[in-house]
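Chain by chain, the residues:
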Number of protein chains: 2
Amino acid sequence: MEETDRAIVAALAVDGRLSYTDLAERVGLSVSAVHQRVRRLEQRGVINGYAARLDHDAIGLPLTAFVAIRPLDPSQPDDAPDRLAKLPQIESCYSVAGEDFYLLMVRVESPLALERLLQEIRSAANVTTRTTVVLSTPYEHRPPKI
Amino acid sequence: MEETDRAIVAALAVDGRLSYTDLAERVGLSVSAVHQRVRRLEQRGVINGYAARLDHDAIGLPLTAFVAIRPLDPSQPDDAPDRLAKLPQIESCYSVAGEDFYLLMVRVESPLALERLLQEIRSAANVTTRTTVVLSTPYEHRPPKI
DNA sequence: ACTGAAATAGCCCCTTT
DNA sequence: AAAGGGGCTATTTCAGT
């Protein structure tokens, strides 16, 4: 990727609501040139969309956990991500190397809600779970250096 | 949190660039009322900011990994997050329950870059590392159900 | 707290270089 | 590809309820 596009993407990673006017000043181009570049970055999928960053405590999901899962029967077809997609508490699903098959990041309201979610995960995908509870988050979702 | 605020936050989690006009239609309020509510949600920190969602392959960081770290000397003061904050490849740092002290999520350009990063992490924070490489990402950063 | 309206600013398309 | 201009829409503030 090119210099100017990098600068645009980096800026929008920090502040997704930057106006084209501000962006244009930062990268030293005209507003319409920047606008055109952003549109292309969106169309090429470099920028997938824009999201508000939320305070999970404030929205009632103060408990974060990582759930490593492993199929009970590794010979069966593995459609765990599909089966688990319906559970909205699962924020992310990563297929990983190592002993586990998938690593999920989940957000719930309480320890009790986590217990219920783990049961749902196990029964929905026929897997065992190994859960790591997050105690605090020194930092998260830092914008990449690009 | 209240009904209308939830709807606003949920909508902005999916599309952080929604106009106040569109938001107003969705929640059934006037534009200025919605604007006022969004400003308050931002001031109260419920909405922390806005970010572009990036394609990490496209921006040259195609390799994601989770790095569990543990201090070599658990009796020393633990300032690992601070010491590691300078490494921009570390996207997130979670303090976790269990055998490990912290779980990092990192994004790098290549396996070689991961090797170098792990060395930097170990020397910067005086820790051992256990790394889980992400092979693929079925889904990530799904907006919460609120 | 919400509405409505007025002024400002930014978006977006089109033309030109 | 980038710049500039013009019409239009959204943002933002303010007064009123």
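The following paragraphs examine the structure supplied in this document. Bear in mind the structure is a predicted one, so any value in this text is a computation, not a measurement.

How each quantity is defined
Within each chain, residues carry numbers counting from 1 in the order of the written sequence. A letter from A marks each chain and a number from 1 marks each ligand, given out in the order of writing. Selection of residues for local features in this predicted model requires a pLDDT of at least 70, selection of side-chain atom pairs for listing and counting requires 80 or more, and totals for whole chains, interfaces and linings are taken over all residues. Side-chain figures throughout are based on the complete set of non-hydrogen atoms in the structure, without hydrogens or water. Going along the chain from the N terminus, every DSSP run of H or I of four or more residues is numbered as a helix, and every run of E of two or more is numbered as a strand. Only rings of Phe, Tyr and Trp enter the pairing, Trp through its six-membered ring, and a pair is recorded when the two centres are within 6.5 Å. The plane angle decides the type: under 30 degrees is stacked, over 60 is edge-to-face, the rest tilted. Three exposure classes are used, based on accessible area relative to the maximum for each residue type with a 1.4 Å probe and protein chains only: buried under 20%, partly exposed in between, and exposed over 50%. Two conditions define a charge sitting above a ring: the NZ of Lys or the CZ of Arg must be within 6 Å of the ring centre, and it must be within 35 degrees of the ring normal. Working rule for contacts: check all heavy atoms of both residues, and any pair within 4.5 Å makes them a contact.

1. A word on unusual backbone geometry
Here's step 1: The backbone of N126 of chain A shows a phi angle near 55°, a positive value even though the residue is not glycine.
Here's step 2: Take N126 of chain A: it is sitting in the loop between α5 (111-125) and β5 (127-139).

2. Comments concerning the packing of aromatic side chains
Here's step 1: Enumeration according to the criterion identifies three aromatic pairs over all chains in this entry.
Here's step 2: Measuring from centroid to centroid gives 5.1 Å for F66 of chain A and Y94 of chain B, while their planes differ by 70°, and the two rings are edge-to-face. One end of the pair, F66 of chain A, is in strand β2 (residues 63-71); the other, Y94 of chain B, is in strand β3 (residues 90-96), on a second chain. Grouping residues by exposure puts F66 of chain A and Y94 of chain B together as buried.
Here's step 3: Every member of this aromatic cluster is reached through a ring pair, and the members are F66 and Y94 of chain A together with F66 and Y94 of chain B.
Here's step 4: Directly above the ring of Y50 of chain B sits R17 of chain A, whose terminal nitrogen or CZ lies 4.5 Å from the centroid.

3. What about the side chain of T64 of chain B?
Here's step 1: One can find T64 of chain B in strand β2 (residues 63-71).
Here's step 2: When residues no more than four places from it in sequence are discounted, the contact partners of T64 of chain B are M105, V106, R107, V133 and V134 of chain B.

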